[in-house]
Every structure is written in structure tokens, then in C-alpha cells.
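Here's the letter readout for the chains.
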Amino acid sequence: MLHSLGVHTLQLLTQAAACILLFPRFLLTAVMLWLLDFLCIRKKMLLMPTAEEVARASEGPPPDDPPVCVSDSNRMFTLESLKAVWHGQKLDFFKSAHVGSLAPNPEVIQLDGQKRLRILDFARGKRPLILNFGSCT
């Protein structure tokens, strides 16, 4: 019971430390997304068309023109995008593989289900170990 409490406390402290470390980066990303939306909206509002441009636009825009309005469907500063940014930064923080460090060595089970080995146990000498996770179809 006491060991389980210690493990949960350690996990909680790890999550809290990650939040403290990631929060400044997340805020910077959120501000950048907001600024991008703000600049797009400001550009559209300041470039109000004249009566002549409105008459010309009523004839129909060329088919390759981008949308002229900023709507909720094409904004970048939304709750969904902020959730995706936070989740992506947490995944990046907790990944086990990092540039310049040793490769992770997870445990694998052989096809017979009896023997457990580590992936690097299959490496032989100086030959590189190649893992193929692809499909043969």
C-alpha cells in the first residue's frame, strides 16, 4: 500500500514538473497563434473594399482566390488547436528517444510467447540492427 502511494506521488510530481517546464513554451505558442489570427483579421478589416471593388467582386472572384473572410473554421487560435499543441508538447517531453542519446531498448516477446528479450539482444557485433514496422501487402 505504501509503495503504491509512493509510485503515485512520484507520477504526480513528474506530471507537475512537466507542466511547469512546458507552460512557458505553450504560452509562447498560444500568443503566436493569437497574433497570426489577429494579423489576418486586422488585414481584412483595414482593407475594406471600395464601392468599385464591391461591384467588381459581385461579378465573381477568380476560382483560385483564397477566402476573403476570417471565420471560425479557418482560425488558428481555437481551443482544439491549443489542446493539440499542449498534447504534442507533453508527448515530446516524455518521449524516451532523444537526439544524441542511446536508443530505447524495450522488452519484446517472441512469437512462441515463452521467452522475453530486449530489442538490442538481437544485434550482432558491429552490424546495425534494422527494425521494419511496415506491411507486406
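As for the overall build of the protein
- Of regular secondary structure, the protein possesses three helices and two strands.
- Moving toward the C terminus, one meets the helices and strands of the protein in the order α-α-α-β-β.
- Split into buried and exposed, the 137 residues of the protein put 7% on the buried side.
- Long-range contacts, defined as pairs at least 24 residues apart, comprise 56% of the intrachain contacts of the protein with a sequence gap of at least 6.
- Within the structure as shown, the protein displays about 12,200 Å² of accessible surface, and the carbon and sulfur contribution to it stands at 66%.

Side note on the confidence of the model for the protein
- Looking at the protein as a whole, the pLDDT averages 78, with 73% of positions reaching at least 70.
- Looking at the elements of the protein, mean pLDDT is at its lowest for helix 2 (residues 51-58), recorded as 63, and at its highest for strand 2 (residues 116-118), recorded as 90.

Side note on the pattern of salt bridges
- Enumeration according to the criterion identifies two salt bridges in this entry.
- In this structure, the salt-bridge partner of Asp-92 is Lys-95, at a minimum N-O distance of 3.0 Å.
- Taking the relative accessible area as the measure of exposure, Lys-95 reaches 39% and is therefore partly exposed.

Quick notes on the environment of Ser-81
- Note that Ser-81 resides in helix 3 (residues 79-94).
- Along the chain, Ser-81 and Leu-33 lie 48 residues apart, while their C-alpha atoms are 9.0 Å from each other.
- Excluding anything up to four places from it in sequence, Ser-81 contacts Leu-33 and Met-76.
- In this structure the side chain of Ser-81 is engaged in a polar contact, spanning 2.9 Å, whose partner is the backbone oxygen of Thr-78.

Cut-offs applied
Residue numbering note: each chain is counted from 1, following its sequence as written. Local features in this predicted model are restricted to residues whose pLDDT is 70 or higher, and side-chain atom pairs enter the listing and the counts only when it is 80 or higher, whereas totals over whole chains, interfaces and linings include all residues. Values reported for side chains reflect all heavy atoms of the structure, with hydrogen atoms and water molecules removed beforehand. By the criteria applied, helices consist of DSSP H or I runs no shorter than four residues and strands consist of E runs no shorter than two, each listed in order from the N terminus. Relative accessibility thresholds used throughout: buried, under 20% of the residue-type maximum; exposed, over 50%; partly exposed, between the two (1.4 Å probe, protein chains only). We call two residues in contact whenever any of their non-hydrogen atoms come within 4.5 Å of each other. The Shrake-Rupley method, run with a 1.4 Å probe, gives the accessible areas here. Residue values count only the displayed protein chains as cover. Values of pLDDT, ranging from 0 to 100, describe the predictor's confidence in every residue of the model. By convention in these notes, a salt bridge is any Lys or Arg side-chain nitrogen within 4 Å of a carboxyl oxygen on Asp or Glu. Think of a polar contact as two N or O atoms within 3.5 Å of one another; within protein, one of them needs to be a possible hydrogen donor and the other a possible acceptor, and neighboring residues in sequence only count if both atoms come from side chains.

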